[in-house]
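Working through the structure, step by step
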Amino acid sequence: MNWLNKLERKIGRYAIPNLMIYLIAAYCIGFVLLSTAPGVLDYLVLSPWHVLHGQVWRLVTWIFMPTDSNLLFLLIMAMFYYQLGTALERTWGTFRFNVYIFGGILFTVIGAFILYIIYCIVYGPAMTELVSYKIAYGISTSYINMSIFLAFAVMYPDMQVMLYFIIPIRMKWMALVYGILTLYGFIMTNWAGRISIFMALLNFFIFFLSTRNLTRYTPHEIRRRQKFRAQMRTPSGSHVTKHKCAVCGRTELDDPNLEFRFCSKCEGNYEYCNDHLFTHQHIKRS
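Residues numbered from 1 in each chain as written. Predicted model: local features only at pLDDT ≥ 70, side-chain atom pairs only at ≥ 80, totals over all residues. Heavy atoms only, no water.

Concerning unusual backbone geometry
Notably, N18 is not glycine yet its phi reads approximately 55 degrees, a positive angle. Position of N18 relative to the elements: it lies in the loop between α1 (2-11) and α2 (19-36). Taking the relative accessible area as the measure of exposure, N18 reaches 40% and is therefore partly exposed. (Helix = DSSP H or I, 4+ residues; strand = E, 2+ residues; numbered from the N terminus. Buried < 20%, exposed > 50% of the residue type's maximum accessible area, 1.4 Å probe, protein only.)

Structure (structure tokens):
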């Protein structure tokens, strides 16, 4: 994915770290609004008709739609997806995780407008506002969360988790069950639902090909990384850098938590930070 590497070199510095925390905060705010002032959500949902009539904030505020109306399930979901999201961000790097999440959001918005066009053709212009609300309240971040889960299961298939804090199960079997349920929903729902599912999970299929071969961090690797960070810290006020990433150009002065390694597959002395060591394009002179 050369285009993604080039994009990261240009705008990677603007990536939002710990993006999963902001998403979970949005879910929690939406839950509070649902419990205290549900009418406010009418002005936040992704209604294509209202977007086309000037309410452009709905392109973003729909992520406040709560994924669950039960507080206990919301808390369990928040803790679960925080762990998955932060692990994926450490594995892919902040920029790629940002692209993954925002890609899912963008595809969902596109899917909503495709549904709106289809419904307008079927039901006629007189029903556009009504069908727009029908679409809006059928859209949430549930399938984006599903794509996070599936991506984590691909990266760490043998990791064991406690289902409902009781049943031990490996991620690959949970992903299989989730996949079967999603496929069943895709078959049984109408075409509108199928488009919603497909568009929300499209980013998973795109990123699967580019992340399936990334190396997982073992406990030994984590200890080695911590030791390396301690060795790479330089005295405050020093402007002499020892390391520089060949992809993003960051040095140990930009972030003391970064570590750097030379790539054995690149021809030449090219050094990479931990975010790009396993994701860069190998340089061949011949």
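Some words on the nonpolar core
Among the nonpolar cores identified, the biggest contains 58 residues, and W62, L88, W92, Y100, I101, I148 and F149 are the most heavily contacted of them. Of the residues forming this core, the biggest block, 13 residues, is contributed by helix α6 (residues 94-123). Ignoring sequence-local partners within four residues, the contact set of I148 consists of M20, Y81, L84, G85, L88, Y100 and I101. Core analysis: the next-biggest nonpolar cluster, separate from the first, contains 9 residues, V247, L258, C263 and L277 among them. (Core = buried A, V, L, I, M, F, W, Y, C linked by side-chain atoms within 4.5 Å. Contact = heavy atoms within 4.5 Å.)

Concerning the side chain of S147
Looking at the secondary structure, you find S147 in helix α8 (residues 142-155). The contacts of S147, once residues within four sequence positions are left out, are Y100, A200, L201, N203 and F204.

Structural notes on the pattern of salt bridges
Where charged atoms from two side chains of opposite charge come close, those side chains can pair. Evaluated as defined, the whole model comprises 1 salt bridge. When the shortest N-O distance is used, the salt bridge between D158 and K172 registers 3.1 Å. Here D158 is found in the loop between α8 and β1 (160-163), whereas its partner K172 is found in helix α9 (residues 171-188), with 14 residues between them in sequence. Overall, the relative accessible area of 45% leaves D158 in the partly exposed class. Looking at K172, the relative accessible area reads 34%, which means it is partly exposed. (Salt bridge = Lys/Arg side-chain N within 4 Å of Asp/Glu carboxyl O.)

Regarding the layout of surface pockets
Here the second largest pocket is characterised by a volume of approximately 700 Å³. Forming the walls of the second largest pocket are 26 residues, and the residues nearest its centre are T94, R250, D255, L258 and D275. Here the residues of the lining of the second largest pocket are counted per class, giving 6 nonpolar, 8 polar and 12 charged. (1 Å grid on protein atoms, 1.4 Å probe; cavity = no way out; pocket = protein on both sides within 12 Å on 5 of 7 lines; lining within 4 Å. Points joined across faces, edges and corners; volume = space filled by probe spheres on them. Nonpolar A, V, L, I, M, F, W, Y, C, P; charged D, E, K, R; others polar.)

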